[in-house]
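# Overview (structure and organization)
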Amino acid sequence: MSDRTVRILRPDEQRGAWDLFRAALHVQPGTDEDWDRVSKAYEAERSWGVFEPDLVGTARSFAAEMVVPGGARLPLAAVTGVGVRAGRTRRGVLSALQAAQLADFAERGVALSLLYASEGAIYGRYGYGVATLAKRVVVDRHRAQLRLDVPAGGEVTVLGVDEAAPKWPELYAATATGRVGAMTRSEVYWPGYEASLRRRAKLLQTAVHRGPDGDDGFLTYYVEEDANEHAKLNVMAFHYANPAAFAGLWRFLLSVDLVDEIVLAMRPLDEPHALLFADPRMAKTESTDDECWLRLVDVRAALAARTYGPAEPVVLEVFDRSLPGNDGRYVVGPDGASRTDAEPALRLSADTLAMLYFGTWRASALAATGRIEVFDPAAPEAADVLFGTRESVWCGTFF
Ligand SMILES: CC(=O)SCCNC(=O)CCNC(=O)[C@H](O)C(C)(C)COP(=O)(O)OP(=O)(O)OC[C@H]1O[C@@H](n2cnc3c(N)ncnc32)[C@H](O)[C@@H]1OP(=O)(O)O
């Protein structure tokens, strides 16, 4: 389209972009009070608009770091606020935004980008793949009994949102950033997070767990009743630095009065809720869904930064339609990863590489379903071991 312009939004255009995004999600325009908080997340030079000549589409990102297998932290762009005005969809507006945003990330030296997708069919074409999964867990509070050998845990103190919100950044940094897949949350993240929780809950509470070395876990929650007076306690955040804090916070959850059911959304697949209860069926996994969509913006840097399991090295041939600078061959082995000219054993696209990167999907499963082309029949099994991780990779930061 000839009269289309894709550019960074001016500060006075950002609120309109926010409203456009909300309208794309069928949500009414935000209040001035919400915008006061959310506007802090609109970082200069990271919010894009498509104009025809009025604003028809938008996307933004903010900077963070992400822990990759082995513990290194890579620069990450967290992509959010993607929306195209109704009536102007399916004309390439998102594709134009993606092209501009990805080129900008590459120029900034960002290694990874990450998003939560509203629908599963949108982002694969731009090199994003489902890289982490999460489960929804529901516990019947009246019937669930902790096993006698579950750790006792420490003291739990409950704070209201005004008192708790200023403490969240420190609590998060102390309890949540060690896990593979975790991302840092800078000061631009918190105001929007707070605004979204305040919007959702009438009474938002934060329970802080204190162990022998100080605060080592916290969760935020609210309780809502349905039309049948069935009360659900919804856990919005749940982070802990050790098993005693995990157990202590669960003891607290079970002790909250006037609650029928405890619901935890988006939890790590290997989090052992069922093992806490005398009857493990008390913790029901209601669903497993994609959590984060990852994109390796700089394939060489991303592959080189993580560690690998003990197996024969494998040569991958990567093709990347959106960032062709990533095209090429990479040898991946227990000693690291680098570019190579050697013959490839496996050939895969950028989105499939993103699915493989955290070990959430096995190379042999990706090959069996046609996502990886196999030249060496021994390579998928070797890649299973190389990319496998000890624990389920989980991000836990919704944006
Ligand atoms: C990270 C986040 O913020 S997630 C939130 C994303 N936003 C939303 O879901 C809000 C509602 N939806 C929208 O605003 C828009 O429909 C968007 C952003 C999803 C897509 O924008 P569009 O401008 O319509 O996308 P565009 O025209 O560039 O489409 C590019 C391709 O993706 C396909 N596509 C786009 N959206 C979808 C979809 N929802 N489902 C399936 N395919 C899709 C198009 O068909 C097209 O395919 P092609 O290249 O084979 O022709």
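- Per an unreviewed UniProt entry, the chain goes by the name GNAT family N-acetyltransferase and belongs to Amycolatopsis halotolerans.
- Taken verbatim from the UniProt record of the chain, the Subunit (unreviewed entry) comment is "Homohexamer; trimer of dimers."
- The UniProt entry for the chain carries the following text under Sequence similarities (unreviewed entry): "Belongs to the acetyltransferase Eis family."

### Considering the site of the ligand
- Taken together, 24 residues surround the ligand, and among them Val82, Thr89, Val93, Leu94 and Ser118 come closest.
- Counting residues per element, the ones that place at least two in the shell around the ligand are strand E4 (73–84) and helix H3 (93–108).
- In terms of residue count, E4 provides more of the shell around the ligand than any other element does, six residues in total.

### Some points on the domain arrangement of the chain
- Under the domain assignment used here, the chain contains domain 1 (5–110), domain 2 (134–290) and domain 3 (299–387).
- Inter-centroid distance (C-alpha atoms) of domain 2 to domain 3 is 36 Å.

### Quick look at the environment of Ala350
- Mapping Ala350 onto the fold places it in helix H9 (residues 350–357).
- By C-beta crowding, Ala350 is classed as buried, having 24 other C-beta atoms within 10 Å.
- Spatially, the C-alpha atoms of Ala350 and Val299 are 8.4 Å apart, while their sequence positions differ by 51 residues.
- Setting aside anything within four residues of it in sequence, one finds Ala350 in contact with Gly127, Leu296, Val318, Asp320 and Asn326.

### Some remarks on the UniProt feature "binding site: acetyl-CoA" (unreviewed entry) in the chain
- With numbering aligned to this structure, UniProt lists the feature "binding site: acetyl-CoA" (unreviewed entry) at Val82, Gly83, Val84, Arg90, Arg91, Gly92, Val93, Leu94, Ser95, Ser118 and Glu119.
- Topologically, Val82 is positioned in strand E4.
- Other than its neighbours up to four places away in sequence, Val82 contacts Ala59 and Leu94.
- Secondary-structure assignment places Arg90 in the loop between E4 and H3.

### Thoughts on the sheet that holds strand E8 (residues 155–160)
- The strand order across the open sheet formed by seven strands is E8-E9-E10-E11-E12-E7-E13, and the pairing between neighbours is mixed. Strands with a single pairing partner mark the edges of an open sheet, and in this sheet they are E8 and strand E13 (283–290). Neighbour-to-neighbour, the strand axes of this sheet turn through a mean angle of 25°, independent of strand direction.
- Strand direction decides the pairing type here: strand E10 (residues 214–225) and strand E11 (residues 231–240), joined by nine bridges, are antiparallel. Bridging across to E11, Val223 finds its partner in Leu233.
- Here helix H7 (residues 243–255) sits on the sheet in contact with E8, strand E9 (205–211), E10, E11 and strand E12 (261–267), set at roughly 135° to E9.

Rules and cut-offs
Residues numbered from 1 in each chain as written. Predicted model: local features only at pLDDT ≥ 70, side-chain atom pairs only at ≥ 80, totals over all residues. UniProt positions renumbered as here; feature names shortened; annotations may be inferred. Near = placed C-beta within 6 Å. Helix = DSSP H or I, 4+ residues; strand = E, 2+ residues; numbered from the N terminus. Domains from an automatic or database assignment. Buried ≥ 20, exposed ≤ 12 C-beta atoms within 10 Å, placed from the backbone. Contact = placed C-beta atoms within 7 Å. Pairing = 2+ DSSP bridges. Axes fitted to C-alpha atoms, helices over the stretch in contact; angles between N-to-C directions.

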